[in-house]
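Observations on chain architecture
Read off the chains here:
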Amino acid sequence: MPDKMTVDLTNCDREPIHIPGSIQPHGCLLACDAVGSVVVRHSANAAEMLGAPTAINGLRLDEVIGGEAAHTLRNALATSDDPSRAALRMGVRVNEAGAFDVSVHRVDTCVIIEFQPAAEHSDQPLETARMLISRVRSISSIGQLIEKSTRLMYAMLGYDRVMVYRFEQDGAGQVLSEYKRRDLESFKGQYFPASDIPKQARTLYLRNTIRIISDAEGHRVPIVPTLDEAGQPLDLSFAHLRSVSPIHCEYLRNMGVGASMSISIVIDGDLWGLIACHHYSPKTLSLTQRIAAEMFGEFLSMHLSALRQKEILDTTNDARRFLDQFLQTASHHTDLAGLLRRSVGEFQAMVPCDGIGLWLEGQWTPVGLTPPQEAIAQLADFVGSLANSRIWSTHSLTSHLAEAEAYADQVCGVLAIPLSQRPRDYLFLFRREVVQTLNWAGNPEKSYETGPLGDRLTPRKSFAIWKETVHLQSQPWTQGEEEIAEAIRSVLVEIVLHHNELLEDERGKADVRQRMLNEELNHRVKNILAVIKALIGHPVQEGRDLQDYIATLKGRVQALAFAHDQVVRGGDGGALHELLEAELKPYRDGARTVTLLGPYVWLDSRAFSVMALVLHELATNAAKYGALSVTGGRLEIAWQKLENGDCALTWMESEGPSVVAPSRAGFGTVLINRSVPFELGGSSKVDYLPEGVEGRFRIPSQHIHIAETEVLPDLAEKAAEQKDATVSLLSELDLLLVEDQMLVAADVETMLADHGIGNVTTAPSASEALRRLRDFNPDVAILDVNLGAETSLPIAEELSRRNVPFVFATGYSDRSIIPASFDVPVVRKPYEAAALISAVVKVVEQSRTPQKD
């Protein structure tokens, strides 16, 4: 370091970590003049690593790395205006030393060039980043986004532990998500004090969004010379090779961590958090991996920002809707005090809190965790003396009101909302002490190594210091929460002061809304009546009596009513098999056989209504004249997805009376033959064969959604009954996943986790899987048959020897590679969750069922 200051815990926040005077040894560095022409400084290992002359300083860049390489890097420099955006060139050949991945950036009046030996085999960073981003871009939940991102980084980078770490307002941090090696203790949910990542380090994380430490032993390669002629050190703020603070290295070593990496998550210019990676042996990332990780981090920051804005907007809209509704409700009440007291609990949902209470006209109405009643009058007087008629908040009430320590075990934070212009009545929101229910979640028996600075630099000690730091404090109130509180104040003050005016105004608004509702209802009723009018207006077919006509009309109207009810409840349609089951339920009494077979198909509202009438006509005719009219009759309905995405449905009757084609087309025949073509643009064909009616219908793809996995509707009820038992079974399983594609493995782990299988051990090769099996006996396994140049058959043989059930997975239709001796399910790739889980459940249940001799 440029000065000889001793670094310890009393001054680590002032340690000049951006000018350490050295770099990490997995690369080398050259510093040139402002135009990148002459080398003025270099790392002590540069000559050896680059195959350059020993005396480097003062030489032209061409003389040090060769003319072609120097030309390439000067061109790269021309594209680099922002020092935080280094120009990157991969595979640059330098002298006889081989290929290097090179990063070039300008800082002050100096050009810094960093060299790292090029990886032998590496994916294109843009393609890797694109694949990662494609897996999270459609996620609409912050929690799911963070969890998925952690899994993806673990799969892509190969670190032993990957965490998402969020900073609190005071600089402390919490581990929100974690994916790790199974034998490691968990840090998920834990808080750590601001001193663990000092302020200047957080500032550097904003300037340089990725930080890699390849070896926590902290070996350093000095910059030669350390100081320039003006006595200034080299600013390495944007250098990825910058050496590491000895305090941080000691902290990592104490945890047994051999290498680490962090990617900054920056939202609206502020450091929101980090993707933090730990490895328990030295580890160096290639430049392509670093670029892909950095690009993913930037996308994650933008996506997270968008989701946070959406979350804020949704919360604000929910609050506004509630307040509008409350305003309308209050406009029709004369007893406002009674209404407010009855509604106290509803306000609690608007701002996260542990308790809420209304102090109104000297009467206390509490809900949840609140101070004792005798303390409220003093609290109201205290808040009134400070805040007048404005909202007031604190996350440490004892810092302002000493008497509050008497009930600090119940609440430590308060948000006070005045209900009138005079500071007299309040709505109080309370929060408990943040550390009351938090304990160290790691392994209590875990013992950490300690260095010269003692056990301060261990995770458990950091957690203890954080707990001490936030003693008698609640989670702080955010600006967004205070804005919602201000909205509550505005509404409640208006209600209290201007009740009569609001009453008249809200009645006017209610009339407008009612008129709009009436118009919509009128529109819908007219549409329904138009259809019924068409049904009723068709003349009675010759030879039919009035009772038969009435019964037919009633059935058609009931079918239409069922379709309308399903559309209203489902929002935009319904399931085909549910429609069939409802229509055919009266005939499935055992005397006749009705079979339904096909995938899960969702019909939009238009198709659902049309098919309701068509299927009703077919079922009615079958019950009167066809297979459903006699004992022993058979009806088979099957449907499938066509290559163009349409749905083909067949209706086949057999074992019924001999069929004779109708002599004339009645209204029912018209409905069957014309509804699908005219209303949906599909096709219909009905053949009246002597042995039974056969109907074929094609529903165009724009009216349907078909699930990829076939589900037999007849088994739906049984599946529902078995669901709870299946969930319980899956949650207990230890599963071995053998998959050589890391992103595919990450997707499968997510599928399994979504169905309750959380204990998953993943191996990318047969050798790694067999190594894991030395001290691990899974309950079930999923084996990708083809693992690059090898197969998973040796693993299958070992699992068979142990009587461990397993499932094969393959992207090929040919099963010849799988020996006949392995009679196990084969799941097609790409993986589909329902098929995969079904296969796993099947083999596990078979393995637990006693075999008969």
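It should be noted that the structure appears before, not after, this text.
Residues numbered from 1 in each chain as written. Predicted model: local features only at pLDDT ≥ 70, side-chain atom pairs only at ≥ 80, totals over all residues. Heavy atoms only, no water.

1. Let's talk about the overall build of the chain
- When helices and strands are tallied, the chain shows 23 helices and 33 strands.
- For the chain, contacts bridging at least 24 residues in sequence account for 67% of all contacts bridging at least 6.
- Of the roughly 41,200 Å² that the chain leaves accessible, carbon and sulfur atoms contribute 51%. (Helix = DSSP H or I, 4+ residues; strand = E, 2+ residues; numbered from the N terminus. Contact = heavy atoms within 4.5 Å. Areas by Shrake-Rupley, 256 points an atom, 1.4 Å probe, with all protein chains shown as cover.)

2. A short note on the sheet that holds strand β18 (residues 426-431)
- What the five strands build is an open sheet, ordered β15-β14-β18-β17-β16; its pairing is antiparallel. Of all the strands in the sheet, the pair left with one neighbour each is β15 (363-368) and β16 (392-394). Ignoring strand direction, the axes of neighbouring strands in this sheet form an average angle of 10°.
- Pairing of β16 with strand β17 (residues 413-418), which is carried by three bridges, proceeds in the antiparallel orientation. Residue Thr394 lies in a different strand from β17, and its bridge partner there is Val414.
- Lying over the sheet, helix α11 (residues 376-387) contacts β14 (355-360), β15, β16, β17 and β18, oriented at roughly 105° with respect to β18. (Pairing = 2+ DSSP bridges. Axes fitted to C-alpha atoms, helices over the stretch in contact; angles between N-to-C directions.)

3. Thoughts on the nonpolar core
- Judged by nonpolar contacts, the single largest core of 35 residues is most densely connected at Leu584, Leu603, Ile637, Trp639 and Trp651.
- Among the elements that take part in this core, helix α17 (residues 605-624) stands out by supplying ten residues, more than any other.
- In this structure, Leu145, Val164, Ile263 and Ala293 belong to the second largest nonpolar core, which totals 34 residues. (Core = buried A, V, L, I, M, F, W, Y, C linked by side-chain atoms within 4.5 Å. Buried < 20%, exposed > 50% of the residue type's maximum accessible area, 1.4 Å probe, protein only.)

4. Some points on the sheet that holds strand β27 (residues 734-738)
- Pairing is parallel in the open sheet, where five strands are placed in the order β28-β27-β29-β32-β33. Looking at which strands have only one partner, the edges of the open sheet turn out to be β28 (759-763) and β33 (826-828). Adjacent strand axes in the sheet meet at a mean angle of 20°, parallel and antiparallel pairs treated alike.
- Sheet strands touched by helix α22 (residues 793-801): β27, β29 (780-784) and β32 (806-810). Its angle to β32, the strand with the most contacts, is close to 165°.

5. A word on the pattern of salt bridges
- One pass over the structure, following the stated rule, counts 24 salt bridges.
- The partner of Asp228 in a salt bridge is Arg41, with the nearest N and O atoms 3.7 Å apart. Of this pair, Asp228 sits in the loop between β11 (221-224) and α7 (246-254) while Arg41 sits in strand β3 (residues 39-43), placing them 187 residues apart in sequence.
- Under the relative-accessibility criterion, Asp228 is labelled partly exposed at 32%.
- Between Arg321 and Asp318 there is a salt bridge; the shortest N-O distance is 2.3 Å. Remark: Asp318 and Arg321 occur in helix α8 (residues 287-330); sequence separation between them is three residues, near one turn of the helix.
- Within this structure, Arg135, Lys148 and Asp747 form a network of salt bridges that share partners. (Salt bridge = Lys/Arg side-chain N within 4 Å of Asp/Glu carboxyl O.)

6. Here we look at unusual backbone geometry
- A cis amide bond, omega -10°, links Val224 with the succeeding residue Pro225.
- Considering the arrangement of structural elements, one finds Pro225 in the loop between β11 and α7.
- With a phi close to 55°, Asp268 is a non-glycine residue in the positive phi region.
- Residue classification places Asp268 among the exposed residues on the basis of a relative accessible area of 57%.
- Located in the positive-phi region is Asn803, a residue other than glycine, with phi close to 60°.
- Considering the arrangement of structural elements, one finds Asn803 in the loop between α22 and β32.
- Here Asn803 falls in the exposed class, since its relative accessible area comes to 66%.

7. Observations concerning the packing of helix α5 (residues 142-157) against α8
- Two elements in contact, α5 and α8, have axes whose closest approach is 11 Å; the angle formed by their N-to-C orientations is 175°. Taken together, the axes of α5 and α8 are roughly antiparallel relative to one another. Contact with α5, carried on its side by Ile142, Leu145, Ser149, Leu152, Met153, Met156 and Leu157, involves Gln289, Ala292, Ala293, Phe296, Leu300, His303, Leu304, Leu307, Arg308 and Glu311 of α8 and no other residues of that element.
- Looking at side-chain class alone, the contact of α5 with α8 contains twelve nonpolar, three polar and two charged residues. (Parallel < 35°, antiparallel > 145°, perpendicular 65-115°, else oblique. Nonpolar A, V, L, I, M, F, W, Y, C, P; charged D, E, K, R; others polar.)

8. A few points about the pairing of β27
- Most of β27 is tucked away, with four of its five residues classed as buried.
- Alignment of β27 against β28, held across five bridges, turns out to be parallel. Following the sheet pairing, Asp734 is matched in β28 by Asn759.

9. With respect to the packing of aromatic side chains
- The final tally for this structure, using the stated rule, is twelve aromatic pairs.
- Plain terms: the ring middles of Phe382 and Trp392 are 5.8 Å apart, the flat faces sit at 85° to each other, and that makes the pair edge-to-face. Taken as a pair, Phe382 in helix α11 and Trp392 in strand β16 lie far apart in primary sequence, ten residues in all. Residues Phe382 and Trp392 agree in their burial class; the two are buried.
- Seen from their ring centres, Phe806 and Phe822 are 5.8 Å apart, and the 75° between their planes marks the pair as edge-to-face. On the criterion of sequence distance, the pair formed by Phe806 in strand β32 and Phe822 in the loop between β32 and β33 is long-range, its members being 16 residues apart. Assigned by exposure class, Phe806 and Phe822 land together as buried.
- Among the aromatic side chains, those forming a connected cluster through ring pairs are Trp364, Tyr426, Phe428 and Phe430.
- Lying over the aromatic face of Phe187, Arg161 brings its terminal NZ or CZ to 4.1 Å of the ring centre. (Phe/Tyr/Trp six-rings, centres within 6.5 Å; stacked < 30°, edge-to-face > 60°. Lys NZ or Arg CZ within 6 Å of the ring centre and 35° of its normal.)

10. Digging into the environment of Pro662
- Topologically, Pro662 is positioned in the loop between β23 (647-654) and α18 (667-680).
- Residues Pro662 and Tyr688, 26 residues apart in the sequence, show an inter-C-alpha distance of 8.5 Å.

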